[in-house]
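A structural walkthrough
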Amino acid sequence: MVSKSGQPGQPGALHLGVALDGYGWHPQAWRTPAAGSVLDGRYWTDLARTAELGLLDFLTIEDTFTVQPGRRAAIDPRRLAGRADAVLVAARIAPATRHIGLIPVATVTHTEPFHVSKAIATLDFVSGGRAGWQTRVSATAHEAALFGRRDGALDVDGLFDEATDFVEVVRRLWDSWEDDAVIRDGATGRYIDRGKLHYIDFTGKHFAVKGPSITPRPPQGQPVVTALAHTARIYEFAAGSTDLVFITPTDDASVRALLAQVHAAGGAGLQVYADVAVSFHGEAFRSDALVFTGGATDLVDLLLSWQRLGIHGARLRPAVNATDLPVIVEQVVPLLQRAGRFRTGYRDGETLRARLGLPVAPTGTRWGPDDRVPLSVLDLAPISAGGDAPTALRNTIDLARAAERWGYRRFWVAEHHFVGVASSAPAVLIGQIAAATTTIRVGAGAVQLGYTTAAAVVESFGTLAAFHPGRIDLGVGRSARRRSGTETPRPEEGPRDWREVDGLVIPPPFDLRPVLNADRARATGSVLQQPDAVTPDFVAQVDDILAMLDGSYRIDGFDVHAVPGEQTGLSPWIFGSSKGTSARLAGQRGLPFVASYHITPGTALDAVDAYRDAFVPSRYLSRPYLVVSADVVVAEDTATARHLASSYGHWVYSIRAGEGAIPYPDPDHCAPLTDEQLAVVNDRVATQFVGDPDEVADRLAALQRVTGADELVVTSIAYRHRDRLRSHELLAKRWGLGQ
């Protein structure tokens, strides 16, 4: 846990788990008279219930392909021999517990991603979203001989290359079903929506897997993936493939050194837990981790001191399960609670990801190239000429309900003020839309941070997330009013001629400075801030939002917690239109990015490249997730679509002429644009996708192909609400949504 400045500081609550291995981690733990049989399900459920009484975050269950712990081929008659399958043990524990996370070891070498993916997904279902997975490789010749597929000892670097592919395939399989793929519609006789199952089409050095999974998407979306690491190569693997890494420090100096190694391997976004073997009866033994032989008070002091150095939590390895686990529950946990560093109760229904502060990953991040990417809607609640704001808002609610029926993934609303659109209070409108729908994700596209504070954003969207858990998207962007001392962006350098890239039109960049610096824009922008207010720095605001969401925000030496907001599973989406601050920030923080082709088509590709170039894996994403926007008008035939879109240029011209967006004009009463007007808006008019369903789908496919977008978001404005509805409906059917 880090302070607002990003340096180790006064932390919040400590996460605490326990690692269970046989009778315990001491080689002679099996001799304890109180222990039952490790092959008896009641033995494991009793241990799990004890750990749950201590409110522990999770327990892990050890497993290997060796008869005894370690890598030796020879069997030592003085040690426990024989083990049950960890994943099946976890499945036995799941119905006997309600809250504690269950993380079995499943070895990736000699096994298949398909089997592990469905096993852990099944565990997530039977546990109600509490599953995790600890990855492990198998490097010895005698383990390989159990399977007969490989000869001799295996290269460790090669094993972790294979493990990287293995985890990627598993994650893609988990993601191959959309959350609402199972519909059980008795009226139509359809059990599943086939359009919401997706091929993953993974081809790598070690695996070629088509998918989809045979198991629906797990309740958590992505169960928590972990690894135990001792070397730089494993830190690299953990940074790129897992959510959480276990390290084995022995003192303060090694904590600092190991954290530095994790960060150097690209693991700045990883959660880091310290493994400590505990032997409260005082008998030491050999271990790869520190063996602590003191009392509960000294252990708590040690853990809290390491937390201040930057670890997120600790995993304790009881020397003897029957005697050391009760000490953890009855002595260590109460001491942490009295120190204000541990929970005093579980939250009902909380998933393991949520408890650990890991947001649920959006679906669709790992589908194969042969699938259509998801489509979402960006709406402005446009007011038509002669209409009014109440009607526009009711129309937006109606469109959101329809978008949900037609299979769109998200419904976002933009933020605009003092113009002919009614989406001036996005959080309020989002609440109404979410209440009027049931499954579609709803969010902002985007909140203009220059007109608000990080706290207001987190608390308002935290409130929305509390009412509608798992359905709220927090989109943020820069406002037109810039921070004092910064310049309005200059036009992007680059090609000044019209060009076409693989079927996608790229116009020259448009100079937005006259629009942003217009007297009206400056005047209206000033109304949205307190007198003499200073427009906050966008990067600092995003960092503050991230800190408030994960509970690490500090100001002037004080912990400040956004309630509601903290630990709600929200993660920001950054909106941007060029290769400037927004694109780079989204990449550097490992956040999803939305590139606005529909607003600035001349610079959208630059924004995409800047985002990918800057991307660093994080707790939110292991790889870039890109959404690209487009303006569309779809009708049954091209001529009708072109007529409906014929007033679009007039509307854009009102924005670029400095008067702000006018109520959307009726195309039946619009004279053609003059040459002078067309010159101002031609980049937008030429890049609006207008036509019949096939034409528009082809242009969207080109946009996705050129940008490599993981998702597309469309905005479709028409003077008549019925035409706007029909445009979205025709596109959804042609794109294959809801089938």
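Read on for a plain summary of the structure. Since the model is a prediction, treat every value here as computed from it, not as a measurement. (Residues numbered from 1 in each chain as written. Predicted model: local features only at pLDDT ≥ 70, side-chain atom pairs only at ≥ 80, totals over all residues. Heavy atoms only, no water.)

Under the 1.5 Å per step criterion, the end-to-end length of helix 23 (residues 721-735) is 21 Å for 15 residues, consistent within 8% with the ideal 21 Å. Across the 15 residues of helix 23, eleven count as buried, placing the element largely inside the fold. Taken as a whole, helix 23 has its buried residues at H721, D723, R724, L725, S727, H728, E729, L730, L731, A732 and W735. Packed against the buried residues of helix 23 are strand 14 (375-379), helix 11 (389-406), strand 25 (626-634), helix 19 (638-644), helix 22 (693-707) and strand 27 (711-715). Looking at the residues trailing helix 23, positive phi occurs at G736, about 90°. (Helix = DSSP H or I, 4+ residues; strand = E, 2+ residues; numbered from the N terminus. Expected span 1.5 Å × (residues − 1). Buried < 20%, exposed > 50% of the residue type's maximum accessible area, 1.4 Å probe, protein only. Contact = heavy atoms within 4.5 Å.)

To continue, consider the packing of aromatic side chains. Summed over the entire model, instances satisfying the criterion amount to 17 aromatic pairs. For the pair F58 and F246, a centre-to-centre distance of 6.2 Å together with 55° between the ring planes defines the contact as tilted. Within this pair, whereas F58 is found in strand 2 (residues 58-61), its partner F246 is found in strand 10 (residues 244-247), the two being separated by 188 residues in sequence. By relative accessible area, F246 is classed as buried at 0%. One aromatic cluster is present, built from ring pairs that chain together W133, F166, W174 and F207. Across the ring face of Y199, the terminal group of K210 is positioned such that the distance to the ring centre comes to 4.1 Å. The ring of W25 carries R317 above its face, with NZ or CZ at 4.5 Å from the centroid. (Phe/Tyr/Trp six-rings, centres within 6.5 Å; stacked < 30°, edge-to-face > 60°. Lys NZ or Arg CZ within 6 Å of the ring centre and 35° of its normal.)

Turning to the pairing of strand 25, a few remarks are in order. With nine of nine residues buried, strand 25 is to be regarded as a mostly interior element. By the alternation rule, side chains of strand 25 split into L626, V628, A630, V632 and V634 and V627, S629, D631 and V633, which are all buried. As paired strands, strand 24 (residues 593-595) and strand 25 are joined by three bridges and run parallel to one another. Note that in strand 25 the partner of A595 across the bridge is V628. Pairing analysis gives five bridges linking strand 25 to strand 27, with the strands arranged parallel. By the bridge assignment, V627 is partnered in strand 27 with E711. Strand direction decides the pairing type here: strand 25 and strand 26 (residues 689-691), joined by three bridges, are parallel. Paired with V634 across the strands is G691, a residue of strand 26. (Pairing = 2+ DSSP bridges.)

Time to look at the pattern of salt bridges. The final tally for this structure, using the stated rule, is 36 salt bridges. Between R554 and D559 there is a salt bridge whose closest N-O contact spans 2.8 Å. Assessed through its relative accessible area of 16%, R554 is described here as buried. Taking the shortest distance from any N to any O, the salt bridge between D694 and R734 comes out at 2.4 Å. Of this pair, D694 sits in helix 22 while R734 is found in helix 23, placing the two residues 40 residues apart along the sequence. Under the relative-accessibility criterion, D694 is labelled partly exposed at 42%. (Salt bridge = Lys/Arg side-chain N within 4 Å of Asp/Glu carboxyl O.)

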